[in-house]
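Listed below are the residues making up each chain.
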Amino acid sequence: MARHLDPDILDCLQDVMDPEIGLSVVDLGLVYQAGQDDHGIDVALTLTTRACPLGEMIVEDARARLVRRFPDAPGIAINLVWSPLWTPDRITPRGQELLGHTPRRAA
């Protein structure tokens, strides 16, 4: 799967928080794909763990925000994926800063 991250969709999802960690799904690196075309919006995201008790709430929050931001989209699909497995290495530099860590530098 080609990794496409539409900046408008990411901007919308920036307000979807993982309440246990206190970071957005974007800053945690949980959004694996975010695109839009004539058929609507397609998002693939994961959770920090399969056992996350708030997964359904996070997905529904993302869906509700996308519906509000893109009311003319013909459809919105949010797919929960588990491959590749999430690791803390996926946290963005901004997320690292918000957690109080020194961000990793790009090689």
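This section reports on the structure supplied with the text. On a predicted model such as this, the values are computed, not experimentally measured, just so you know. (Residues numbered from 1 in each chain as written. Predicted model: local features only at pLDDT ≥ 70, side-chain atom pairs only at ≥ 80, totals over all residues. Heavy atoms only, no water.)

What follows is about the overall build of the protein chain. Across its full length, the protein chain holds 3 helices and 5 strands. Sequence-ordered secondary structure for the protein chain, helices as α and strands as β, is α-β-β-β-β-α-β-α. The C-alpha atoms of the protein chain give 14 Å as radius of gyration, which agrees with the globular expectation for 107 residues (13 Å, within 12%). Burial status across the protein chain gives 38% buried among its 107 residues. Counting only contacts in the protein chain whose residues sit at least 6 apart along the sequence, the fraction spanning at least 24 positions is 65%. Accessible surface computed for the protein chain: about 6,400 Å², of which carbon and sulfur atoms make up 52%. In the protein chain, 10 side chains carry a positive charge and 16 a negative one; their mean positions are 6 Å apart. (Helix = DSSP H or I, 4+ residues; strand = E, 2+ residues; numbered from the N terminus. Rg over C-alpha atoms; globule rule 2.2 N^0.38 Å. Buried < 20%, exposed > 50% of the residue type's maximum accessible area, 1.4 Å probe, protein only. Contact = heavy atoms within 4.5 Å. Areas by Shrake-Rupley, 256 points an atom, 1.4 Å probe, with all protein chains shown as cover. Lys, Arg positive; Asp, Glu negative; His and termini not counted. Charge placed at Lys NZ, Arg CZ, Asp CG, Glu CD.)

Moving on: the side chain of threonine 46. Mapped onto the fold, threonine 46 is located in the loop between strand 4 (40-45) and helix 2 (55-69). A distance of 2.7 Å separates the side chain of threonine 46 from the backbone oxygen of valine 81, its partner in a polar contact. With residues near it in sequence (within four places) discarded, threonine 46 still touches Leu30, Tyr32, Leu80, Val81, Trp82 and Trp86. (Polar contact = N/O pair within 3.5 Å; in protein donor to acceptor, adjacent residues only side chain to side chain.)

On to helix 2. Residues spaced three or four apart along an α-helix point in a common direction, a consequence of the helix completing one turn every 3.6 residues. Across its 15 residues, helix 2 extends 21 Å between first and last C-alpha, which sits within 8% of the 21 Å expected from 1.5 Å per residue. Burial in helix 2 covers these residues: Gly55, Ile58, Val59, Ala62 and Leu66. An end-on view of helix 2 places all buried positions within 100 degrees of arc, on one side of the element. What points out from helix 2, more than 90 degrees from its buried face, is the exposed set Glu56 and Arg68. On the buried face of helix 2, the contacting elements are helix 1 (7-13), strand 1 (17-18), strand 4 and strand 5 (76-80). (Expected span 1.5 Å × (residues − 1). Arc of directions from axis to C-beta.)

Summed over the entire model, instances satisfying the criterion amount to 4 salt bridges. Of the charged contacts, one joins aspartate 27 and arginine 94 as a salt bridge, the two residues approaching to 2.3 Å between their closest N and O atoms. Residue aspartate 27 is found in the loop between strand 2 (23-24) and strand 3 (31-37), and its partner arginine 94 is found in helix 3 (residues 93-98); the two are separated by 67 residues along the sequence. The buried category is assigned to aspartate 27, whose relative accessible area is 4%. Salt-bridge contacts for arginine 65 lead to aspartate 61; the nearest nitrogen and oxygen are separated by 2.9 Å. Of this pair, arginine 65 and aspartate 61 both sit in helix 2, separated by 4 residues, roughly a single helical turn. Given a relative accessible area of 25%, arginine 65 falls into the partly exposed group. (Salt bridge = Lys/Arg side-chain N within 4 Å of Asp/Glu carboxyl O.)

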